[in-house]
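# Chains, contacts and geometry: an overview
Spelled out, the chains give:
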2 protein chains.
Amino acid sequence: MTAPIAVRRLNAADQDFARHLDHLLSWESVSDDGVNQRVLEIIQAVRERGDAALVEYTQRFDGLEVASMADLILPRERLELALTRISAEQRQALEVAAERVRSYHEKQKQDSWRYTEADGTVLGQKVTPLDRAGLYVPGGKASYPSSVLMNAIPAKVAGVPEVVMVVPTPRGEINELVLAAAAIAGVDRVFTIGGAQAVAALAYGTESVPPVDKIVGPGNIYVATAKRHVFGKVGIDMIAGPSEILVVCDGQTDPDWIAMDLFSQAEHDEDAQSILVSPDAAFLDRVAESIAKLLPTMERAEIIRTSLEGRGALIQVADMAQAIIVANRIAPEHLELSVADPEAWLPEIRHAGAIFMGRYTAEALGDYVAGPNHVLPTSGTARFSSPLGVYDFQKRSSIIFCSPDGASELGKSASVLARGESLTAHARSAEYRIKP
Amino acid sequence: MTAPIAVRRLNAADQDFARHLDHLLSWESVSDDGVNQRVLEIIQAVRERGDAALVEYTQRFDGLEVASMADLILPRERLELALTRISAEQRQALEVAAERVRSYHEKQKQDSWRYTEADGTVLGQKVTPLDRAGLYVPGGKASYPSSVLMNAIPAKVAGVPEVVMVVPTPRGEINELVLAAAAIAGVDRVFTIGGAQAVAALAYGTESVPPVDKIVGPGNIYVATAKRHVFGKVGIDMIAGPSEILVVCDGQTDPDWIAMDLFSQAEHDEDAQSILVSPDAAFLDRVAESIAKLLPTMERAEIIRTSLEGRGALIQVADMAQAIIVANRIAPEHLELSVADPEAWLPEIRHAGAIFMGRYTAEALGDYVAGPNHVLPTSGTARFSSPLGVYDFQKRSSIIFCSPDGASELGKSASVLARGESLTAHARSAEYRIKP
């Protein structure tokens, strides 16, 4: 007999609602000094001793009996083999997902542009892919084939010639679905290493691991801390916080559907956050009943319970307009608009990683197969950041080509401004190009 | 009598050239523990005591006699007043620059897009500006009006409703050109605070300073360290290293022009880096002579000397093809292609912050007035990052609107993949939307 579940209820009309909401949302991820110290040591060792350090750490942390770096390299044929080891149904689902993700991301590709001014001066921007990208894939139970697709495909669509994947195989456990996804996504090289040592190898390179320009993909606190430390030497994606969903419902969706949508977030881990907002108090009651009814049927019931009781909430608002204000305050990673006319509210949404519109668009469809990326800004960072995309694997160079006339004319203003900043060499360099 | 200047000569044909080049380029900026500790204390104090902490730190660090926060706010009228205090020539030059920067950056603006699939499912991306951006402007001699334009205008073009500027005024020194630039760029609010305390105020907000979503702009080691610490709570731009230029010349440009172009980078500070690459050894000699001849005529001769002797180089290569290989290895912030036909080489350039094409396009023109941004990736980070742009002040939200048919079809693949990852709630949430 399971204990009844109690999900927090809030009402936006309450005087201290703002404070309660702030408290509910507060999240600070801190790498303690111990973690920082160990990560710095690992990075230093990999920089100094390369492959030898990778082999030692992999023996120690992943419990692998490896003789040399050669044992930590998976050839392309091994990925192809994985495609034959998964079920036909799984292979087809991966291929459907990859094709849809590819097709959506093609729309994000940016092109170089330029324009010519009246005096012949050309201005523009040249867009190029990174030379090499690194993809971190966690080992063990958080090893998700869908994440391989979501991280590798945008890089390939951007035109990155070489995508290098690292994935630890603790005690030799290999996830065939992950390798199959890597094969389908077009990953070029795979090393079975993980942790801070894998991040260090990707950032600085070793005898075997080529240095990359950017490292993406999720990981535990050691991986996240290592990514923070190598940032600057290479690019990194956002450091992700716990996953969250905000469901806004007008009260007309099947409460079982909404309960399951909340569960789908909560089942990730105990820190995940699922919040439902509705102007219909009776509907919130019905969803609470569905939660109580469905929870005992879930495989991950205890994780879901801890998440919902610790960080979940059912929030009553006066009307849909207030629901949207709450949504913009939260700036959620996932926003489900489970309402009759989501298009009517879309213009009011200012901050969200992904917006799932209408009663049929479950977040789970977006997580796997709809096409948009499932790597999204968490913990309110949708206020200033975006889903992972092709743009993360492209960079821009400004193009300036002054005609002699253009340089002469621009030189005059540049000279005045440079002298106003006491930068005389700047001024004189510009003045050389002014026609007498 | 000034001592003769000796700029390092390298030859790409030498056996240890790669090692010498690596050494020349190596740069690691490290915030020592003392700086980290003081910055963390300042951030904590501003979070806990708000305005009171800002007033205290400003009294202590900027030597200002201020009674309250009211003394640290510059009203819009004060900015307008600055416009009347600068010369007509300066005002015109600022306006020319602002207009060209605005017009170039308009081309970077990105729009929302969507498409509809055969079954009625809609996918797309919604692009929105940040709500509020913070602009850090250094005080003292590194206080550049051109940087105000380059940081504020892209935010305004992106549609950011409120741009908040902070600029310290040590011992009460106010830079009228900086305030005039702020007026012209459309900065909305100005606070005369600086250092880590200003960064903390922008990130967390105080009674007077509104919290922003992203902080951009250069600063000293305390400012850079504070930006690193508040990253995640807000967005930040890249942490800039010393400025650098790589000039590639075919030997046909006036050597005085090239010497002055190298000086214009070297005069920024002792750590700045100026490198010339040419297949013409005699030309390198002529530029060395120009350097020796022109150096004594420069106002910042000692800074230029230290920079050129410490971090500069004249590099001989076999031909232009090798010059481009060296350029891609360096991935310079500024790349000047001072050659007869720069268009011929442009397709080969893979990494550079900005490319200045032809003999007339001095870097100084781009620094002030050409139009492209002068905030560029330094220290080789052009391998994975881009000039500051409108895209830094916009963010994206994925749009997914499944039709009932679309959800039913997608649900089948999502279910297979979710069960492959043991995420049963994801699977069941998708399965609810599958038609019986």
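With an unreviewed UniProt entry as reference, chain A is termed Histidinol dehydrogenase, source organism Pseudomonas sihuiensis. Under the UniProt heading Sequence similarities (unreviewed entry), the entry covering chain A gives this text: "Belongs to the histidinol dehydrogenase family." As stated in UniProt under Function (unreviewed entry), the record for chain A gives "Catalyzes the sequential NAD-dependent oxidations of L-histidinol to L-histidinaldehyde and then to L-histidine."

### A short note on the overall build of chain A
Within chain A, the secondary structure is distributed over 17 helices and 15 strands. Seen through its C-alpha atoms, chain A measures out along the principal axes to roughly 90 × 60 × 45 Å. For chain A, the residues scored as buried account for 61% of the 436 residues in total. Sequence separation of at least 24 residues holds for 74% of the intrachain contacts in chain A that already meet a minimum separation of 6.

### Some details on the packing of aromatic side chains
Applying the stated criterion across every chain yields a total of eleven aromatic pairs over all chains. Taken together, a centroid distance of 5.2 Å and an interplanar angle of 45° make the contact between W113 of chain A and Y104 of chain B tilted. Residue W113 of chain A is found in strand 3 (residues 113-116), and its partner Y104 of chain B is found in helix 5 (residues 88-106); the two belong to separate chains. On the basis of relative accessible area, Y104 of chain B is assigned to the buried category, the value being 1%.

### What about the UniProt feature "active site" (unreviewed entry) in chain A?
Residue and element names in this part refer to chain A. When the UniProt feature table is mapped onto this chain numbering, "active site" (unreviewed entry) sits at E333 and H334. In this structure E333 comes out as buried when scored by relative accessible area, which is 5%. In this structure, E333 is in contact with P242, S243, E244, G353, A354, H374, L376, P377 and T378, ignoring residues within four places of it in sequence. Within the local environment of E333, its side chain forms a polar contact with the backbone nitrogen of E244, the two atoms lying 2.9 Å apart. Mapped onto the elements, H334 comes out in strand 13 (residues 334-338). In this view, H334 contacts S243, E244, I245, L246, Q265, A354, F356, E363, D367 and L376; residues no more than four positions away in its chain are not counted.

### Description of unusual backbone geometry
One non-glycine residue with positive phi stands out, namely R171 of chain A, at about 50°. Residue placement: R171 of chain A occurs in the loop between strand 6 (162-166) and helix 7 (176-185). Phi at S422 of chain B takes a positive value of approximately 60°, unusual for a residue other than glycine. Along the chain, S422 of chain B falls in the loop between helix 16 (404-420) and helix 17 (424-431).

### Concerning the UniProt feature "binding site: substrate" (unreviewed entry) in chain A
As recorded in UniProt, the sites labelled "binding site: substrate" (unreviewed entry) are S243, Q265, H268, H334, D367, E421 and H426 of chain A. On the basis of their most widely separated C-alpha atoms, the annotated residues across 184 residues do not gather in one place, lying as much as 55.7 Å apart. Structurally, the position occupied by Q265 of chain A is in helix 10 (residues 255-266). The residues contacting Q265 of chain A, other than those within four sequence positions of it, are S243, E244, I245, A272, Q273, S274, H334 and E363 of chain A. A distance of 2.4 Å separates the side chain of Q265 of chain A from the side chain of S243 of chain A, its partner in a polar contact. As for its placement among the helices and strands, D367 of chain A is situated in helix 15 (residues 363-368). On the basis of relative accessibility, which here comes to 7%, the residue D367 of chain A falls in the buried class. If we ignore the near neighbours within four places in the chain, the residues touching D367 of chain A are S146, M150, H334 and H374 of chain A together with H426 of chain B.

### Description of the relation of the copies chain A and chain B
Between the two copies, chain A and chain B, the superposition gives an RMSD of 0.0 Å; the rotation angle is 180° and the shift along the axis is 0.0 Å. Look at the turn and shift together and you get a two-fold axis relating the two. For chain A, the minimum C-alpha distance to the rotation axis belongs to R228 of chain A and amounts to 4.7 Å. Comparing contact sets, 100% of the residues at the interface of chain A also lie at the interface in chain B, consistent with an isologous, same-surface contact.

### As for the packing of helix 2 (residues 33-49) of chain B against helix 9 (residues 221-230) of chain B
Residues and elements named next belong to chain B. As a packed pair, helix 2 and helix 9 sit with axes 9 Å apart at the nearest point and diverge in direction by 65°. Where helix 2 crosses over helix 9, the two elements pack in a sense that is right-handed. Packed against helix 2, whose contacting residues are V35, N36, R38, V39, L40 and I43, the element helix 9 presents I221, Y222, T225, A226, H229 and V230 at the interface. When grouped by side-chain class, the residues that make up the contact of helix 2 with helix 9 number eight nonpolar, three polar and one charged.

Conventions adopted
Residues numbered from 1 in each chain as written. Chains lettered and ligands numbered in written order. Predicted model: local features only at pLDDT ≥ 70, side-chain atom pairs only at ≥ 80, totals over all residues. Heavy atoms only, no water. UniProt positions renumbered as here; feature names shortened; annotations may be inferred. Helix = DSSP H or I, 4+ residues; strand = E, 2+ residues; numbered from the N terminus. Buried < 20%, exposed > 50% of the residue type's maximum accessible area, 1.4 Å probe, protein only. Contact = heavy atoms within 4.5 Å. Phe/Tyr/Trp six-rings, centres within 6.5 Å; stacked < 30°, edge-to-face > 60°. Polar contact = N/O pair within 3.5 Å; in protein donor to acceptor, adjacent residues only side chain to side chain. Least-squares fit on C-alpha atoms with pLDDT ≥ 70 in both. Axes fitted to C-alpha atoms, helices over the stretch in contact; angles between N-to-C directions. Left-handed = near helix turned anticlockwise from the far one by under 90°. Nonpolar A, V, L, I, M, F, W, Y, C, P; charged D, E, K, R; others polar.

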